[in-house]
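Reading the structure
Here are the chains, one letter per residue:
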Amino acid sequence: MLELRGVTKRYGDRVAVDNLSMSVRPGQMFGFVGTNGAGKTTTMRILMGVLQQDAGVVLWEGRPAGPADRRRFGYMPEERGLYPKMRVKDQLVYLARLRGVPAAEAAASADRLLAEFGLAERARDRVDELSLGNQQRVQLAAALVHDPTFLVLDEPFSGLDPVGVDALAHSLQERVRRGVGVLFSSHQLDLVERLCDAVGIIRAGKIIASGSVEDLRSRGRPRTYRVVVGARPGWAAGLTGVRVVRDETENGDVARLDGAGALRSGDPWTTVTILELADGVDDQLVLDAARTAGPVREFRRVTPTLTELFREAVSQPSSPATVTPSEVHA
Ligand SMILES: Nc1ncnc2c1ncn2[C@@H]1O[C@H](COP(=O)(O)OP(=O)(O)OP(=O)(O)O)[C@@H](O)[C@H]1O
């Protein structure tokens, strides 16, 4: 397990990382997200020992992480750092050798990764002859070539085309399945939501929310449901433990008025109702009530997306408050 405890880093008067604690377990994919300048890169540099913290400690398997531990980590730095004139495969073999991998193994690992990232044909090209996206793929291969025990990747998905994104996602998932912990930063929150078991949201150097996306979605919020039912508004009034947040006909009442402003008779009603259920209220009873009122066309729990959680968390002055799922406002 990799752990940061009370890590602080200042640049002059500016506190870039502020008493930050978090941990990534073996076999966990941890998404590190935050606004520009929030402190992600600084934290990752400290993790890798590239930068020295002013306070706090980085632990690997319960002990302060040392150079030998970190040599076995895979790192993709923000500033990248390939040798532009070196051939792609030579570069990977060289980097693996630097990390103590025997020559034959390093060559086999380089071949495997080049195939994995669709670069087998480019093995003998110089790095600076590749497109930026392909250089990024080589950079990723470089982080993986020594079969690392832990991965620290600064924006690994930026600049990749969708095929490259899939190849990397697959490659990381495979390592996670083998018990490797992965920490990566990204502004692509849909990807983080899809791939990560856990996320940490950082703002102004502090972790302001962390846990599984599922946890963050449900923590401290009422269960919210969207119900579409062929009934008049008001069908949910009086249900015990149920708060009606919104209750409107699908097209608005105006659509149901005739030329004289009177409600047309005989129109089928379709009502969209947003409900919040108190703890312990059985959603099946609410579904029964909806069915009694009319045919139920939709009955589903609505939860905020990671993007909504993120926006909420970074816009709050202090601790995160309740996110209202976008569907509620729809
Ligand atoms: N070498 C440096 N000297 C002075 N200030 C720095 C230095 N590096 C980073 N900072 C400051 O520290 C803060 C955190 O920067 P950092 O690069 O860690 O953020 P980030 O979350 O990675 O941002 P981004 O998403 O834009 O990459 C910012 O205010 C930044 O301006």
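- Looking at an unreviewed UniProt entry, the chain carries the name ABC-2 type transport system ATP-binding protein, with the source organism given as Thermasporomyces composti.

**What about the overall build of the chain?**
- A count of helices and strands for the chain gives 11 helices and 14 strands.
- The C-alpha atoms of the chain give a radius of gyration of 26 Å, which is well past the 20 Å a tight globule of 330 residues would have.
- Its C-alpha atoms give the chain principal-axis dimensions of roughly 85 × 45 × 35 Å.
- Looking at the 330 residues of the chain, the share that counts as buried comes to 35%.
- By sequence separation, contacts in the chain at least 24 residues apart represent 70% of the contacts at least 6 residues apart.

**Quick look at unusual backbone geometry**
- With a phi close to 55°, aspartate 147 is a non-glycine residue in the positive phi region.
- Locating aspartate 147 in the fold gives a position in the loop between α5 (132–144) and β7 (150–153).
- A positive phi angle, close to 45°, is found at alanine 204, a residue other than glycine.
- Its location among the elements puts alanine 204 in the loop between β9 (198–203) and β10 (206–211).

**Topic: the site of the ligand**
- Neighbouring the ligand are the residues Tyr11, Arg14, Ala16, Gly34, Asn36, Gly37, Ala38, Gly39, Lys40, Thr41 and Thr42.
- Mapped by element, the contributors of at least two residues to the shell around the ligand are β2 (14–24) and α1 (40–48).
- Among the elements that take part in the shell around the ligand, α1 stands out by supplying three residues, more than any other.
- Residue composition of the shell around the ligand, grouped by class: three nonpolar, six polar and two charged.

**What to know about the nonpolar core**
- Among the nonpolar cores identified, the biggest contains 69 residues, and Leu92, Ala141, Val145, Leu151, Val152 and Val182 are the most heavily contacted of them.
- Of the residues forming this core, the biggest block, six residues, is contributed by α5.
- What leucine 92 contacts, discounting residues up to four positions off in sequence, is Ala110, Leu113, Ala141, Ala142 and Val145.
- Among the nonpolar cores identified, the runner-up in size contains 11 residues, and Val227, Val229, Ala231 and Val286 belong to it.

**Remarks on the environment of glutamate 3**
- Mapped onto the secondary structure, glutamate 3 falls in strand β1 (residues 2–11).
- A tally of 17 C-beta atoms within 10 Å means that glutamate 3 is categorised as partly exposed.
- Separated by 26 residues in the primary sequence, glutamate 3 and methionine 29 have C-alpha atoms spaced 14 Å apart.
- Once you skip the residues sitting within four places of it in the chain, glutamate 3 turns out to touch Ser23 and Leu59.

**A few points about the sheet that holds strand β11 (residues 223–229)**
- Strand order in this open sheet of four strands is β12-β13-β11-β14, and the pairing throughout is antiparallel. Of all the strands in the sheet, just β12 (242–249) and β14 (296–301) have a single pairing partner and so form its edges. Across the sheet, the mean angle separating the axes of adjacent strands is 15° when strand polarity is ignored.
- Both β11 and strand β13 (residues 271–277) contribute to a ladder of seven bridges, which runs antiparallel.

**Some details on the sheet that holds β2**
- Pairing in this open sheet of four strands is antiparallel, and the strands run β2-β1-β4-β5 from one edge to the other. At either margin of the open sheet sits one strand with a lone partner, and together these are β2 and β5 (63–64).
- Direction of pairing for β1 relative to β2: antiparallel, over a ladder of seven bridges. Paired with leucine 2 across the strands is valine 24, a residue of β2.

Conventions we followed
The written sequence of each chain sets the order in which its residues are numbered from 1. Reporting of local features is limited, given that this is a predicted model, to residues whose pLDDT is at least 70; pairs of side-chain atoms are given and counted only at 80 or more, and all residues count toward the totals for whole chains, interfaces and linings. Runs of E in the DSSP output that reach at least two residues are strands. Runs of H or I that reach at least four are helices, and both are numbered from the N terminus. Restricting the calculation to C-alpha atoms gives the radius of gyration, and the globule rule supplies 2.2 Å times the number of residues raised to the power 0.38. Three exposure classes are used, all based on how many other C-beta atoms lie within 10 Å of a residue's own C-beta (placed from the backbone): buried at 20 or more, exposed at 12 or fewer, and partly exposed between those limits. What counts as a contact is two residues whose backbone-derived C-beta atoms lie within 7 Å of each other. Near residues are defined by distance alone, with the backbone-placed C-beta atom required to lie within 6 Å of the molecule or strand. Gly falls in the polar group here, along with every residue not listed as nonpolar (Ala, Val, Leu, Ile, Met, Phe, Trp, Tyr, Cys, Pro) or charged (Asp, Glu, Lys, Arg). We call a set of buried Ala, Val, Leu, Ile, Met, Phe, Trp, Tyr and Cys residues a nonpolar core when their C-beta atoms link them within 7 Å. Criterion used throughout: strands pair if DSSP finds at least two bridges between them. To define axes, lines are fitted to C-alpha atoms, for helices over the stretch in contact only, and angles between the resulting N-to-C directions are given on a 0 to 180 degree scale.

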